[in-house]
Amino acid sequence: MWLYNFILLEIFINVYVAVVNWSSRLSFSNITALAPMVRVGTLPMRLLALDYGAEVVYCEELIDIKMVQCQRVVNDVLQTVDFVAPDDRVMFRTCDREKDSVVFQMGTADPDRALAVAQLVEKDVAAIDVNMGCPKEYSTKGGMGAALLSEPDKIESILRKLVTGVSVPVTCKIRILPSLEETVSLVQRIEKTGVAAVAVHGRFKEERPRHPVHCDYIEAVAQAVSVPIIANGGSLDLVKTNSDIEEFRKATGASSVMLGRAAMWNASVFRNQGPLPVERVMEEYLKYAIRYDNHAFNTKYCLCQMLRDKVESPLGKQVQAAQTNAEISNAYGLQQFYQQTQEQLQARRDALQSSSQPERPVTDGDVTAMAVKFERREYPPHITPKMFLLEWSRKKKLEQPLYETVQRSQDRAFQSTVVVAEKKYRSSLWSKSKKFAEQAAAIVCLRVLGIPEGRIGEEDSGLVCKRKREGKVNGAADEERSKKRHVAKTGREAETSTAAAAANGDQREADAPR
């Protein structure tokens, strides 16, 4: 009897869990969504759209071949989940705020690769979407995007593979076919794969935004199937304010509406209370871009789309000329917000590094590493670990220390490796500047070798003479130091910290504090 009761209890639990999971799945009925837009649908724009009232947000189309190479990385500093390519580029970034609302759209023409990407991201998104409507070459090459419209067998194969292979809803986005009958027939076939919704852009694949949207096609599709149909393509003609969204829904007979360019121009189109001035929308967007370390060129692109015909205004020219988010912040008068955000992120970075890594040497390949940081306040004004390491190397008649520094693209932090006596040393902690990274590497080397490093309160080792300790160096050192101020290349391209000094045959640069 107890076994019978146990089996019943297990069945009840499984059914209950299944019901809870199903009820928590993203619904595509009667919603307003931010459409997937290349270079626009990144995290700042998606969060902004959610703030203004969108229920669902799509990311930009991401190609399966690139995504399948990515690693999932939890970014504790930004409090995001990043999918990072082998070259350290962040291909997709998301956060808890949008977890129940974001749809990951991919470009694919291969069922197996599509499934691999979907399984990689499914724990961090609310649904998976396949792009079957983009007519641009970057999407159609390789048989993706609108190219799939002429291959219904492949469409069915991809969607069935995804529907049975992931735990989140699967949708697709199409354009209309040359005839109404073909369009209805394709959507009916798609419905049978088990997708949760179909977004229909009411234009033929050869048409562009300047052409009017075909609401009659969307309406015919909506009447022919039971799966939710999401109407798309009304930004130019029909949707200019929030009140127009419902009119577009009625005109197409669709369950839901998806907005692209109308939201790109002013994301507050989702607000029930009415639109906000685009200047305020741009500021709110920029704050998200700063908070989540959005790539500056992507930030600039989105702001220019919002500026529209004002892109050649003084503000527009200032934005176009900017190369960093800091410079863009200056254009909008958000310097203080930018600085405060950077300080908060650095404090979080420091706290995470100090609490998570032990301060003892470990071997990382051919490198000896320790979790140490260079704290300037721990050293006298004219003393640095690099000075002590250089003087020790001279006394031992060794080659001068050689520093190789790289910069991490996702947060632009630095890490340096120093080579001394053909052995390599570095800190496992990343630093906020190139010179701090070099000093940290020098500290690791000194501590591993048991050499004094010049900290306040440390007994005088005699490694650095009184003249240098007191900072009585001539102007040549300052001149050399100014020549050495350059930005480390991104993408882990190595550079040496003593290149300028070696080129001039002068070693005095290393004697000056860094």
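This one's a predicted model, so the numbers in the text were calculated from it and none came from an experiment. (Residues numbered from 1 in each chain as written. Predicted model: local features only at pLDDT ≥ 70, side-chain atom pairs only at ≥ 80, totals over all residues. Heavy atoms only, no water.)

Here we look at the pairing of strand β6 (residues 90-94)
Then, in step 1: Most of β6 sits out of view: four of its five residues are buried.
Then, in step 2: Counting the residues that bridge the hairpin from strand β5 (residues 80-84) to β6 gives five residues, and of these D88 lies at a positive phi of roughly 75 degrees. (Buried < 20%, exposed > 50% of the residue type's maximum accessible area, 1.4 Å probe, protein only. Helix = DSSP H or I, 4+ residues; strand = E, 2+ residues; numbered from the N terminus. Pairing = 2+ DSSP bridges.)

Observations regarding the side chain of R349
Then, in step 1: With respect to the secondary-structure elements, R349 resides in helix α15 (residues 335-356).
Then, in step 2: Excluding residues within four positions of it along the chain, R349 makes contact with V77 and D411. (Contact = heavy atoms within 4.5 Å.)

Details of the packing of aromatic side chains
The way to describe two aromatic rings as a pair is by their centre distance and the angle between their planes.
Then, in step 1: On inspection of all chains with the given rule, the structure shows six aromatic pairs.
Then, in step 2: Three or more aromatic residues joined by ring pairs form one cluster here, namely F83, F92 and F104.
Then, in step 3: Taking NZ or CZ as reference, K287 lies 5.6 Å from the ring centre of F337, over its face.
Then, in step 4: For the cation-ring pair, R291 lies above Y292, with the distance from its terminal atom to the ring centre recorded as 4.5 Å. (Phe/Tyr/Trp six-rings, centres within 6.5 Å; stacked < 30°, edge-to-face > 60°. Lys NZ or Arg CZ within 6 Å of the ring centre and 35° of its normal.)

Examining the confidence of the model for the protein chain
Then, in step 1: Looking at the protein chain as a whole, the pLDDT averages 86, with 84% of positions reaching at least 70.
Then, in step 2: Segment residues 13-23 is flagged for pLDDT under 50; beyond a separation of four residues in sequence, or across chains, it makes zero contacts in the model.
Then, in step 3: Confidence drops under pLDDT 50 across residues 472-514; counting only partners more than four residues distant or on other chains, this segment forms 86 contacts. (pLDDT = per-residue confidence, 0-100.)

A closer look at the sheet that holds strand β16 (residues 414-420)
Then, in step 1: Taking strand neighbours across the sheet as the criterion, the five strands line up as β13-β14-β17-β16-β15 in an open arrangement whose pairing is mixed. Where the open sheet ends on each side, the last strands, each with one partner, are β13 (362-364) and β15 (402-407). For this sheet, the mean inter-axis angle between neighbouring strands, taken without regard to orientation, is 30 degrees.
Then, in step 2: Each of β15 and β16 is contacted by helix α16 (residues 385-395), which is oriented at about 15 degrees to β16, the strand it contacts most.
Then, in step 3: Contacting β14 (367-370), β15, β16 and β17 (423-427), helix α17 (residues 434-449) runs over the sheet at an angle of about 40 degrees to β16. (Axes fitted to C-alpha atoms, helices over the stretch in contact; angles between N-to-C directions.)

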